[in-house]
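Residues per chain are reported as follows:
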Amino acid sequence: MNFLNNNVKVKAPKKRLGRGIGSGKGKTSGRGVKGQKSRSGVAIKSFEGGQMPLYRRLPKRGFNPINKNKIAKINLDQLQNFVNNKKIDPQDQINLESLKKNKIINKSYLKYKILANGTLKSKINIEADYSSIAAKDKIEKNGGVLKIKNLK
């Protein structure tokens, strides 16, 4: 005698639909009469009866990262142009605050990077968040100082 396997069957037998009116699931096979849901191949996904669906109620995030780091980019030829137009004083230290104050960088930027495009003739003292290696070499070749902020 098997005492271990006397529990109720876990898997209920499959309902056999469309096998005559005596079976209780004949004719319309439990689908009701007519209408969209009585047809085969119909699934009304995410339809909430006219209520605004969940996928439209939630904010869209997609491919726009929430905490994206906006980094301004400045080339050496742009810096030289600002020195020539007297927007930047080469004797002063150039940093993010001074660039924002002179309206060279937009207020929304929190960091900026120096890139090496163009030539730099002035000797400048600059503090930046990031820099390309070529830009660092060009600034130091002119006798300028490039200080990179410590990032945590």
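All figures in this text were calculated on a predicted structure; none of them were measured in a lab.

A. How the structure looks around the overall build of the chain. Across its full length, the chain carries four helices and six strands. Taken from N to C terminus, the helices and strands of the chain fall in the order α-β-α-β-α-β-β-β-α-β. Taken against the 2.2 N^0.38 rule, which gives 15 Å for 152 residues, the C-alpha radius of gyration of the chain at 35 Å runs more than 25% over that of a compact globule. A principal-axis box enclosing the C-alpha atoms of the chain has dimensions of 100 × 50 × 25 Å.

B. Structural context of the environment of Ile148. Mapped onto the fold, Ile148 is located in strand E6 (residues 145-148). For the pair Ile148 and Lys113, spaced 35 residues apart in sequence, the C-alpha separation works out to 9.6 Å.

C. Looking closely at the packing of aromatic side chains. Using the criterion set out here, one finds zero aromatic pairs in the structure. Geometry around Tyr109 places Lys70 over its ring, the cationic atom sitting 5.1 Å from the centre.

D. Highlighting the sheet that holds strand E4 (residues 125-128). Spatial strand order, E2-E4-E6: three strands in an open sheet with parallel pairing. In the strand order of this sheet, the two ends are held by strand E2 (93-94) and E6, each with one partner. In terms of strand pairing, E4 meets E6 through four bridges, oriented parallel. Following the sheet pairing, Asn125 is matched in E6 by Val145.

E. The arrangement of the environment of Pro59 in detail. Within the secondary structure, Pro59 is located in the loop between helix H1 (54-57) and strand E1 (71-75). Given the relative accessible area of 69%, Pro59 is considered exposed. Placed 90 residues apart in sequence, Pro59 and Lys149 show a C-alpha to C-alpha distance of 36 Å.

F. Representation of the pairing of strand E3 (residues 111-115). By the alternation rule, side chains of E3 split into Tyr112 and Ile114, which are all buried, and Lys111, Lys113 and Leu115, of which none is buried. In this sheet, E3 lies alongside E1 in parallel orientation, the contact comprising five bridges. Bridge pairing in E3 links Asn75 to Leu115. Relative to strand E5 (residues 130-131), E3 runs parallel, the two being bridged by two bridges. Considered in E5, the bridge of Lys113 is made with Tyr130.

Rules used throughout
- Residues numbered from 1 in each chain as written.
- Predicted model: local features only at pLDDT ≥ 70, side-chain atom pairs only at ≥ 80, totals over all residues.
- Heavy atoms only, no water.
- Helix = DSSP H or I, 4+ residues; strand = E, 2+ residues; numbered from the N terminus.
- Rg over C-alpha atoms; globule rule 2.2 N^0.38 Å.
- Phe/Tyr/Trp six-rings, centres within 6.5 Å; stacked < 30°, edge-to-face > 60°.
- Lys NZ or Arg CZ within 6 Å of the ring centre and 35° of its normal.
- Pairing = 2+ DSSP bridges.
- Buried < 20%, exposed > 50% of the residue type's maximum accessible area, 1.4 Å probe, protein only.

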